[in-house]
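# Coordinate inspection notes
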Amino acid sequence: MKKFLIILFLSTIIFGCSKKEKDKPADLSAKLKADTTAIKTTPIDNPTQKFNIAYKFEKGKTYQYRIASFSEDNLIIKADTSVTKKIKQSVIYIINVDLANLDKDGVMEFNCEIKSILFNAAVDGQMEMYQSGETKDSTELEKYAQYASLINNPFSVRVGKAGGVLEIFRADKIVNKFIELNKKSPASVNQEQRDYLNNNVTQGSLKPLVAQLFREMPANTIAKDSSWAFTQPPAPFLIFKLENTNLFKVNELEKYNSDTVAIITAGLKTVVTGDTKYEERGAQFNFTKPVTTADGAIYFNVSKGCVQKSNIKTHIHIYFTMEAPSPKGKQKGNKTEDITNTNIVELL
């Protein structure tokens, strides 16, 4: 469910350059801490001027980003007894991006490499942790193979002229590492299984990340108070179909240091379709249509052609009642779940 939310609702970008020296422990520790504060901007002389949001990448330059994802899942089930479950999770990635090619149509090809990951989770107070370079026990590495296989294994991404991920490829090293961490020989995995793993890696793990870095932007000239929207294809969720439209508006045009920055507010409109009633094996479920919200800000650096910082939060509320036969007669219950995700992307 969390992965669904990330793919469906969240899209943010950030670009920045980095040095290629190996990080010292203290430097890495600082990099793996997300900054939740807003950046400080100042008024510009002509805040109503027209401008274009265009990505500008330099060949031979390494851009580095920090992507932090925080999620919280609060679940309450009431039947004969009540069950409360609380899950808090955070994943912080440091990723390097290099422009490999720019074709005549403006399509960009990037070489990407995830350098560090820090994962923390608390499930009803029970703590879990994985940190690349620090977690070395083979059993733990197998447990966190979905993260450990990503480290220092480059892959490639094709991005449209105005943003938007067109293709993720050359992820073979990640797939091989995942197989190795699961203590299997690459020769023991047939082509069908390998294709399945490759799809899981590219679409399930990498695309949710790089989609935040390369968000599609309007190709036309815009100005303060300009707004636009991108509608996603309908996607299944529980017994419903959700059609989400991401909404954006230029709130201000200001200065950040010596650069011009567009402050873009983000929102979400969701159309929920489908029957609210569902029956399975004699159990009857009555759903309330899920309620979704999203809000936040994207600071697009117009001068440098990248997002300086973004912070977007999404929330979904789920509720349904259930009635099922039991030896003691009909058993009734209900479930309430609130899931909140916050994505912060920062220039390093």
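Higher on the page you've got the structure.
All values reported here derive from a predicted model rather than from experimental measurement. (Residues numbered from 1 in each chain as written. Predicted model: local features only at pLDDT ≥ 70, side-chain atom pairs only at ≥ 80, totals over all residues. Heavy atoms only, no water.)

Any pair of aromatic rings gets described here by the distance separating the centres and the angle formed by the planes. Applying the stated criterion across every chain yields a total of 16 aromatic pairs. Aromatic pair Phe110 and Phe214: ring centres 4.7 Å apart, planes at 20 degrees, arrangement stacked. In this pair, Phe110 sits in strand S4 (residues 108-123) while Phe214 sits in the loop between helix H6 (191-213) and strand S8 (227-231), placing the two residues 104 residues apart along the sequence. We note that Phe110, like Phe214, is buried. Through pairs of rings, three or more aromatic residues link up here, namely Tyr55, Phe57, Tyr63, Phe110, Phe214 and Phe300. (Phe/Tyr/Trp six-rings, centres within 6.5 Å; stacked < 30°, edge-to-face > 60°. Helix = DSSP H or I, 4+ residues; strand = E, 2+ residues; numbered from the N terminus. Buried < 20%, exposed > 50% of the residue type's maximum accessible area, 1.4 Å probe, protein only.)

Our next topic: H6. Look at H6: 31 Å from first C-alpha to last across 23 residues, which is about the 33 Å you get at 1.5 Å a residue. Bending of H6 peaks at approximately 50 degrees at the position of Lys207, with proline Pro208 no more than four residues after it. For H6, the full list of buried residues reads Arg194, Leu197, Val201, Thr202, Gly204, Leu206, Pro208, Leu209, Val210, Gln212 and Leu213. Its side-chain oxygen at 3.2 Å from the backbone nitrogen of Glu192, Asn190 defines the N-terminal cap of H6. (Expected span 1.5 Å × (residues − 1). Bend = angle between axes of the 7 residues up to and from the residue. Polar contact = N/O pair within 3.5 Å; in protein donor to acceptor, adjacent residues only side chain to side chain.)

Moving on to the nonpolar core. In terms of nonpolar packing, the biggest core is built from 59 residues, with Ile114 and Phe155 touching the most fellow members. At seven residues, S4 tops the list of elements feeding residues into this core. In contact with Phe155, other than residues within four places in its own chain, are Ile95, Phe110, Asn111, Cys112, Ile114, Ile168, Phe169, Arg170, Ala171, Ile174, Leu206 and Val210. Of all hydrophobic cores here, the second largest spans twelve residues; its members include Phe240, Leu242, Phe320 and Ala324. (Core = buried A, V, L, I, M, F, W, Y, C linked by side-chain atoms within 4.5 Å. Contact = heavy atoms within 4.5 Å.)

With that out of the way, let us pick up the pairing of strand S12 (residues 277-280). Two strands pair when backbone bridges link them, and S12 and strand S13 (residues 283-301) are joined in this way by four bridges, in the antiparallel orientation. In the strand pairing of S13, Glu280 is matched with Ala283. Hairpin connection from S12 to S13: two residues lie between these consecutive antiparallel strands, with Arg281 at a positive phi of about 50 degrees. (Pairing = 2+ DSSP bridges.)

Every buried residue of helix H5 (residues 172-181) is listed here: Ile174, Val175, Ile179 and Leu181. On an axial view of H5, the arc spanned by its buried residues comes to 165 degrees, and they lie on one face. Close packing links the buried residues of H5 with helix H3 (138-143), helix H4 (145-148), strand S6 (155-159) and H6. Directly beyond the C-terminal end of H5, a positive phi value near 60 degrees is found at Lys183. (Arc of directions from axis to C-beta.)

Bringing the pattern of salt bridges into the picture now. Within the structure shown, the criterion is met by 17 salt bridges. Put simply, Glu113 and Lys115 hold a salt bridge, and the shortest N to O gap is 3.3 Å. The closest approach of N and O atoms between Glu128 and Lys143, which form a salt bridge, is 3.9 Å. Of the two residues, Glu128 sits in strand S5 (residues 126-131) while Lys143 sits in helix H3, which places them 15 residues apart along the sequence. The exposure class of Glu128 is partly exposed, given its relative accessible area of 27%. Ionic contacts of the salt-bridge type, sharing partners, join the residues Asp35, Arg66, Lys309 and Glu346 into one network. (Salt bridge = Lys/Arg side-chain N within 4 Å of Asp/Glu carboxyl O.)

What follows deals with the environment of Lys304. One can find Lys304 in the loop between S13 and strand S14 (306-326). Along the backbone, Lys304 and Phe51 are 253 residues apart, and their C-alpha atoms lie at a distance of 13 Å. Not counting chain neighbours up to four residues away, the residues in contact with Lys304 comprise Lys56 and Asp259. One polar contact links Lys304 to Asp259, side chain to side chain, over a distance of 3.5 Å.

So, to be careful, I would describe these as geometric facts and stop short of saying anything about function.
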